[in-house]
Amino acid sequence: MTTINTDIEIRKVGGRIGAEATGVDLATDLPPDLVNELNAALLEHKALFFRGQNLSDADHTRFAAHFGELTGAHPTVPSVPGQPHVLPVDGEKGVRSNRWHTDVTFVRTPPKATSLRSLVVPPYGGNTLIANSAAAYRDLPEHLREFADKLWAVHTNDYDYLQPPANEAAAEYRTVFVSRKYRTRHPVVRVHPETGERGLFIGGFAQSIDGLSTSESRDILRILQEYVIRPENVVRWQWAPGDLVLFDNRITQHYAPDDYGNLPRLLHRVTVAGDVPTGTNGERSHLLEGDEATHYTHA
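Residues numbered from 1 in each chain as written. Predicted model: local features only at pLDDT ≥ 70, side-chain atom pairs only at ≥ 80, totals over all residues. Heavy atoms only, no water.

Pairing is antiparallel in the open sheet, where three strands are placed in the order β13-β7-β15. Two strands lie at the open edges of the sheet, namely β13 (234–237) and β15 (252–255), each paired on one side alone. Averaged over all pairs of adjacent strands, the angle between their axes in this sheet comes to 20°, without regard to strand direction. Where strand β7 (residues 128–132) meets β15, four bridges bridge the pair, whose relative direction is antiparallel. Following the sheet pairing, Ile130 is matched in β15 by His254. (Pairing = 2+ DSSP bridges. Helix = DSSP H or I, 4+ residues; strand = E, 2+ residues; numbered from the N terminus. Axes fitted to C-alpha atoms, helices over the stretch in contact; angles between N-to-C directions.)

In this section: the packing of helix α4 (residues 142–149) against helix α6 (residues 214–228). Helix packing geometry: the angle between the two helix axes and the distance between the axes. Two numbers describe how α4 lies on α6: the axes approach to 12 Å, and their chain directions differ by 120°. Viewed along their axes, α4 and α6 adopt a mutual orientation that is oblique. As α4 runs across α6, the sense of the crossing is left-handed. Residues Leu144, Phe147 and Ala148 of α4 form the contact with α6, whose participating residues are Ile220, Ile223, Leu224 and Tyr227. Residues belonging to the contact of α4 with α6 are distributed by class as follows: seven nonpolar, no polar and no charged. (Parallel < 35°, antiparallel > 145°, perpendicular 65-115°, else oblique. Left-handed = near helix turned anticlockwise from the far one by under 90°. Contact = heavy atoms within 4.5 Å. Nonpolar A, V, L, I, M, F, W, Y, C, P; charged D, E, K, R; others polar.)

This brings us to the sheet that holds strand β12 (residues 206–209). In spatial order, the strands read β12-β8-β9-β17; together these four strands make up an open sheet with antiparallel pairing. Either end of the sheet is taken by a strand with one partner, and the two such strands are β12 and β17 (286–289). In this sheet, neighbouring strand axes are inclined to one another by 35° on average, regardless of whether the strands run parallel or antiparallel. For strand β8 (residues 152–156) and β12, the ladder comprises three bridges, and the chain directions are antiparallel. By the bridge assignment for β12, Ala153 is matched with Ile209.

All of the buried residues in helix α5 (residues 168–177) are Ala170, Tyr173, Arg174 and Phe177. Projection of α5 onto a plane perpendicular to its axis shows the buried side chains occupying an angular sector of 100°, all on one side. Summarising the geometry of α5, the exposed residues directed more than 90 degrees from the buried face are Glu168 and Thr175. (Buried < 20%, exposed > 50% of the residue type's maximum accessible area, 1.4 Å probe, protein only. Arc of directions from axis to C-beta.)

Attention now moves to the pattern of salt bridges. Taken as a whole and judged by the stated rule, the model has 18 salt bridges. Here Asp139 makes a salt bridge to Arg230, at a shortest N to O gap of 3.7 Å. Placement of the pair is Asp139 in helix α3 (residues 133–139) and Arg230 in the loop between α6 and β13, with a sequence separation of 91 residues. Overall, the relative accessible area of 21% leaves Asp139 in the partly exposed class. The shortest N-O distance in the salt bridge between Arg198 and Asp149 comes to 3.1 Å. Of this pair, Arg198 sits in strand β11 (residues 198–200) while Asp149 sits in helix α4, placing them 49 residues apart in sequence. Of the residues examined, Arg198 reaches a relative accessible area of 32% and is grouped as partly exposed. (Salt bridge = Lys/Arg side-chain N within 4 Å of Asp/Glu carboxyl O.)

In structure tokens, the structure reads:
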């Protein structure tokens, strides 16, 4: 447990990832020293959990903006009406992200951080799992780390992320999701811009490895991904209405199990703009297909 002032506590909830913050009201305008403490905790624990905040969209947006310039809601999916930074994550409209992924890695500048807030929570299931990709990298055998350091992967939004669609709502969502197609080349091992940590930067949008065939790419990505999702590298959050979760999108993956049937589940998401990923040799990511998504982020 780390105490950051007389009222606020950061308490670990997982051995390798995740901490719960208590004693802070996120609806207030947080002072800079507190924001710095929370950012330091985010860098250390990778994911922060805040119970019972019951924020409005305006509160949520203001809180996320403490950590940097905000992105638009999404490069292709519409925002909540009147809230250009807020993305609805609505299970009843086909938004069921039950694949491990890092948010929006198909563009050149994926988000720095993701914040999720619960509005409607099913009575069972509907949790969110978050994995520490830096711990996964450290777990790799030395020769596999050296191999991964040299690899680059192509990430795209145009693949079978939601195939086959479970219903008409899911089919409609996929059509919108791929209405603009993106392909971006990212390092498989990304150097974190603030901590210098190395992490596996892969996940569901990573579909191929430079220089390898489709089957070879699939095998290599599967091997590396297995290290990311080892149980010791994962924290599971059981939502209650009004909770907020903030995680470092540069060095984590997340997954939402589709285990709540036809029950409603609604979260709102706000993301903080990030930088261009850098590999271990100093080379930066670059766009292969699509626009620069300036409608989404100016970072």
